[in-house]
Every structure is written in C-alpha cells, then in structure tokens.
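Inside the fold
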Amino acid sequence: MSSSPILVTGATGKTGRRVAAVLAQRGFPVRAVSRNSTIRLDWDDASTWPAALQGVRAVYIVHPGLGGDGAAAQVEQFVRAAAAAGVEKAVLASTPDDGSDFSRSMRAAESHIVAAGLQLTSLRLRWFFQNFSEDFLLQPVLSGELRLPAGDGKEAFVDADDIAEVAVAALTDARHNGRRYDLTGPRLLSFADVAREITDGAGHPLTYVPVDSDTYVAEQLAQQVPQEWARAFAALYQDIASGKLAQVSADVEAVLGKPARDFSGFVSNTARGGAWKQAV
Ligand SMILES: NC(=O)c1ccc[n+]([C@@H]2O[C@H](COP(=O)([O-])OP(=O)(O)OC[C@H]3O[C@@H](n4cnc5c(N)ncnc54)[C@H](OP(=O)(O)O)[C@@H]3O)[C@@H](O)[C@H]2O)c1
C-alpha cells in the first residue's frame with residue numbers, strides 16, 4: 001500500500017466525510033480537507049491548493065458550486081495544479097446527463113480532469129437519502145410537510161454510505177480508471193413514498209404536498225433563500241416530476257458486490273440516531 005495520501009475534498013460534507021472515514025478504516029493514508037481543516041482547501045482561494053496537493057496520489061473531488069458560474073473553471077485550474085504536483089487519479093462527485101446547467105457544468109469538469117492527464121472515475125449521483133437527514137430537506141421533514149414541485153415523479157435516491165464505498169473502490173483500485181458509474185438506490189421512490197416510509201418507519205408524521213414551481217419559489221423566497229437557488233432547486237424538482245431520470249442502475253452492486261442500501265434501512269438508522277427527534 002502506498003504511503004502517499006489520498007486527498008478528500010468536501011471532507012466535512014455528506015459524502016467526503018464518509019469517504020475519508022472508510023479510507024481511514026481500511027488503513028489508507030487520508031488528507032481530509034475543506035475550508036475548516038488544518039490543511040485548508042478553499043475552491044475560491046488557489047493559494048490553499050499547493051499544500052493540500054503536496055505528495056498526493058489520488059483525489060476525491062466535491063465542488064459544491066458546480067452548476068453555478070465559474071466552478072468548472074476552478075476545477076480546471078485545480079486539476080492542472082494537481083497533475084503538476086504528481087496526482088494521478090481523480091474521482092468526481094458528478095451528476096447524470098440531463099441537459100441541465102448542473103450536468104453541463106459536471107461534464108465540463110470531467111473533461112478538464114481528463115485534459116489535465118488524470119485518470120478519471122465519474123460518479124454520477126442521484127439524490128441522496130441524507131438530504132432528508134443532514135441537508136436541505138431536514139427542516140421540511142422536521143416541520144412535518146414536504147412542499148415541493150415534484151408532482152408524482154419518482155427518484156432513484158441513493159445512500160451516501162454506498163457513494164462513499166464506491167468512491168473508495170475507485171480511489172484505490174485502477175480497474176475503475178476511465179469508468180463512469182450511475183449510483184442509485186435499489187428502487188424508485190416518489191416524495192409521497194418518502195413521506196409514507198418516514199411516517200411508518202420512524203414514527204415521524206410527514207406529509208408530501210405537491211405545489212407548483214411558482215408557489216415553491218415564492219415560499220423559498222419568503223424563507224430568505226436566494227432567488228437563484230430557489231429557481232435552481234425548482235428546476236431540479238421539475239426534473240424529478242418529468243420522470244426523465246427515473247431509472248435504477250445496478251452499478252453500486254456491480255462495484256461493491258453487494259446490493260445498494262435500501263431507503264428503509266436509512267429510515268430506521270436515522271430514527272435511531274435521533275436526527276428526526278424534534279417535535280412536529
Ligand atoms: N445532495 C444530492 O442529492 C446530490 C445529488 C447529486 C450530486 N450532488 C453533488 O454532490 C456534491 C456535494 O457533495 P456532498 O453532498 O458530499 O457535499 P455537501 O454535504 O454539500 O458539503 C459540501 C462540502 O464542500 C465544502 N465546501 C463548501 N464550500 C467550499 C469552498 N469554497 N471551498 C472548499 N470546500 C468547500 C464544505 O466544507 P466546509 O464548509 O467545511 O468548507 C463541505 O465539506 C455537489 O457537487 C452536488 O452537486 C449532490
């Protein structure tokens with residue numbers, strides 16, 4: 001096993017934290033970075049990149065701004081610096097091709113990684129289970145109501161623990177070089193299904209209320225969400241409503257040799273962990 005570290009960006013986030021933990025459990029040297037780590041990495045401050053990249057052989061790239069202006073260009077500069085520093089491999093937290101600004105930005109980032117001469121494994125991620133327990137859907141769950149413009153659309157939600165295990169495989173095994181994986185859970189769920197499963201499995205009453213996009217955006221603006229983000233999320237929910245990505249992939253099982261984790265296990269683990277304990 002090489003002694004040069006694997007760099008994990010976004011290491012305080014939903015996937016990066018898990019990728020760093022799994023690498024460490026398996027005995028790989030890890031350098032876990034974000035804007036808040038001892039060795040810092042800030043996408044907006046290139047002067048932080050050389051120390052983060054020093055001696056690294058592979059990097060897990062999470063750029064939370066991909067989809068917005070300038071983020072793909074930052075990835076381009078970063079992977080050039082990485083290649084110059086001797087990094088050989090990048091695993092990108094990416095999204096499927098759906099014609100959106102997000103996916104255009106992700107495709108650009110992928111191209112920049114390859115053009116810099118790094119081996120790429122692209123993880124094309126569907127919505128994470130953990131959005132309901134650690135991120136922007138936690139507050140709506142706690143409030144007892146998911147008011148979203150997703151209609152009856154279904155999504156192939158995936159567990160961030162599976163994403164992390166696949167990322168670790170890709171970071172540590174050259175057989176995944178040049179591959180792209182569609183990472184989904186084992187079944188399609190609508191937001192009404194999600195609400196029912198959380199209500200029944202966690203004993204936490206939750207209702208899904210489909211709203212139209214304009215109502216959703218107006219409600220988000222009233223909660224001080226910036227207009228650009230409210231509109232971007234409305235578009236993502238509309239994508240789910242359209243059903244255009246309602247497909248389950250077998251890639252998690254193909255890489256890990258075990259079935260993708262199911263939403264029901266996530267619900268019981270999260271209920272046990274107390275994230276949904278606040279009174280409705
Ligand atoms: N959530 C989903 O359902 C979903 C689905 C498909 C794809 N994705 C993609 O997955 C990625 C997000 O991954 P995630 O959910 O694991 O991350 P996350 O939970 O959103 O956390 C973001 C991470 O990025 C770090 N960060 C934020 N701003 C930064 C900056 N300027 N410089 C350096 N680091 C910064 C944060 O750390 P600090 O605050 O400590 O710096 C944190 O560790 C995005 O590219 C997203 O498009 C998400």
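Worth saying up front: this structure is predicted, and the values here are computed from it rather than measured. Every chain is numbered independently, its residues counted from 1 as its sequence is written. Per-residue local features of the predicted model are confined to residues with pLDDT of at least 70, and side-chain atom pairs are confined, for both listing and counting, to 80 or more; whole-chain, interface and lining totals are unaffected and use all residues.

Overview of the overall build of the protein chain
Secondary structure counts use DSSP, requiring at least four H or I residues in a row for a helix and at least two E residues in a row for a strand, with both numbered from the N terminus. Looking only at helices and strands, the protein chain has 12 helices and 10 strands in total. We compute the radius of gyration over the C-alpha atoms and compare it with the globule rule, which gives 2.2 Å times the number of residues raised to the power 0.38. Here the C-alpha atoms of the protein chain give a radius of gyration of 19 Å, agreeing with the 19 Å that 2.2 N^0.38 yields for 280 residues. For the protein chain, the C-alpha atoms occupy an extent of roughly 50 × 35 × 35 Å along the three principal directions. Note on burial: count the other C-beta atoms lying within 10 Å of the residue's C-beta; 20 or more is buried, 12 or fewer is exposed, in between is partly exposed, and C-beta positions come from the backbone. Put simply, the protein chain has 280 residues, and 42% of those count as buried. Contact between two residues is assigned whenever their backbone-derived C-beta positions fall within 7 Å. Sequence separation of 24 or more characterises 77% of the internal contacts of the protein chain that already satisfy a separation of 6 or more.

What to know about the sheet that holds strand β1 (residues 6-8)
The strands making up a sheet associate through hydrogen bonds between their backbones, and the pairing can be parallel or antiparallel. The sheet built from 6 strands is open, its strands ordered β2-β1-β3-β4-β5-β8 with parallel pairing. Here the strands that pair on one side only, and so sit at the sheet edges, are β2 (30-32) and β8 (180-183). This sheet shows a mean twist of 15° between the axes of neighbouring strands, independent of strand direction. The criterion for strand pairing is that DSSP finds at least two bridges linking the strands in question. Across 3 bridges, β1 lies against strand β3 (residues 58-61) in parallel orientation. Looking across to β3, one finds that isoleucine 6 is bridged to alanine 58. Where helices are involved, their axes are fitted lines through C-alpha atoms of the stretch in contact, as for all axes, and angles between N-to-C directions lie from 0 to 180°.

With respect to the environment of alanine 85
As for its placement among the helices and strands, alanine 85 is situated in the loop between α3 (71-84) and β4 (89-94). By C-beta crowding, alanine 85 is classed as partly exposed, having 16 other C-beta atoms within 10 Å. Residues alanine 85 and glutamine 54 lie 31 residues apart in sequence; the distance between their C-alpha atoms is 6.6 Å. Ignoring anything within four residues of it in the chain, the contact list for alanine 85 reads Leu53, Gln54 and Val56.

Re the domain arrangement of the protein chain
When its domains are assigned, the protein chain resolves into domain 1 (6-125) and domain 2 (126-159 + 184-246 + 261-274). Relative to domain 2, the C-alpha centre of domain 1 lies at a distance of 26 Å. At the junction of the two partners, domain 1 supplies 6 residues and domain 2 supplies 11 residues. Looking at the side of domain 1 that touches domain 2 residue by residue, the class counts come to 2 nonpolar, 2 polar and 2 charged. Each domain's limits were defined by an automated method or a database of domain assignments. For this scheme, ten residues count as nonpolar: Ala, Val, Leu, Ile, Met, Phe, Trp, Tyr, Cys and Pro. Four count as charged, namely Asp, Glu, Lys and Arg, and the remainder, Gly too, count as polar.

Some words on the packing of helix α9 (residues 213-222) against helix α10 (residues 227-242)
Two numbers describe how α9 lies on α10: the axes approach to 9 Å, and their chain directions differ by 145°. Of the two elements, α9 crosses α10, and the hand of that crossing is right-handed. Judged by residue contacts, Ser213, Tyr216, Val217, Gln220 and Leu221 of α9 engage Gln227, Ala230, Arg231, Ala234, Tyr237 and Gln238 from α10. Grouping the amino acids of the contact of α9 with α10 by side-chain chemistry returns 6 nonpolar, 4 polar and 1 charged. Should the near helix be turned counterclockwise from the far one by less than a right angle, the crossing is left-handed, whereas a clockwise turn marks it as right-handed.

Observations concerning the packing of α3 against helix α4 (residues 101-115)
The geometry of α3 relative to α4 is characterised by a closest axis approach of 9 Å and an angle of 15° between their N-to-C directions. With respect to α4, the element α3 is oriented roughly parallel. Between α3 and α4 the crossing geometry is right-handed. Mapping the contact onto sequence places Ala71, Ala72, Val75, Glu76 and Val79 in α3 and Ser105, Ala108, Ala109, His112 and Ile113 in α4. Tallied by class, residues from the contact of α3 with α4 come to 7 nonpolar, 2 polar and 1 charged. In this scheme, roughly parallel covers angles under 35 degrees and roughly antiparallel covers those over 145, while 65 to 115 is roughly perpendicular and the rest are oblique.

Thoughts on the nonpolar core
Nonpolar cores are identified as sets of buried Ala, Val, Leu, Ile, Met, Phe, Trp, Tyr and Cys residues joined via C-beta atoms within 7 Å. Counting residues in hydrophobic clusters, the biggest one holds 80 residues, and the most contacted among them are Val8, Leu123 and Ala167. It is helix α7 (residues 160-172) that provides the largest number of residues to this core, a total of 8 residues. Mapped onto the domain boundaries, this core takes at least three residues apiece from domain 1 (6-125) and domain 2 (126-159 + 184-246 + 261-274). Setting aside its immediate chain neighbours within four residues, valine 8 contacts Gly16, Val19, Ala20, Val30, Arg31, Ala32, Val33 and Tyr60.

Description of α7
What a helix is expected to span follows from its residue count: subtract one and scale by 1.5 Å. With 13 residues, α7 ought to run about 18 Å at 1.5 Å a step, and its terminal C-alpha atoms sit 18 Å apart, in line with that. Counting buried positions over the 13 residues of α7 gives 10, a clear majority of the element. Taken together, the buried positions of α7 are occupied by Ala160, Asp161, Asp162, Ile163, Ala164, Val166, Ala167, Val168, Ala170 and Leu171.

As for the environment of glutamine 139
Take glutamine 139: it is sitting in helix α6 (residues 138-143). A C-alpha to C-alpha distance of 9.3 Å links glutamine 139 and tryptophan 276, two positions 137 residues apart in sequence.

A few points about the site of the ligand
Near, for a residue, is defined by distance from a backbone-placed C-beta atom to a molecule or strand, with 6 Å as the limit that must not be exceeded. Close to the ligand lie 24 residues, the nearest being Gly10, Gly13, Thr15, Ser34 and Arg35. Counting residues per element, the shell around the ligand draws most heavily on helix α1 (residues 14-25), at 3 residues. When its residues are assigned to classes, the shell around the ligand shows 10 nonpolar, 10 polar and 4 charged. In terms of domain composition, the shell around the ligand takes at least three residues from each of domain 1 (6-125) and domain 2 (126-159 + 184-246 + 261-274).

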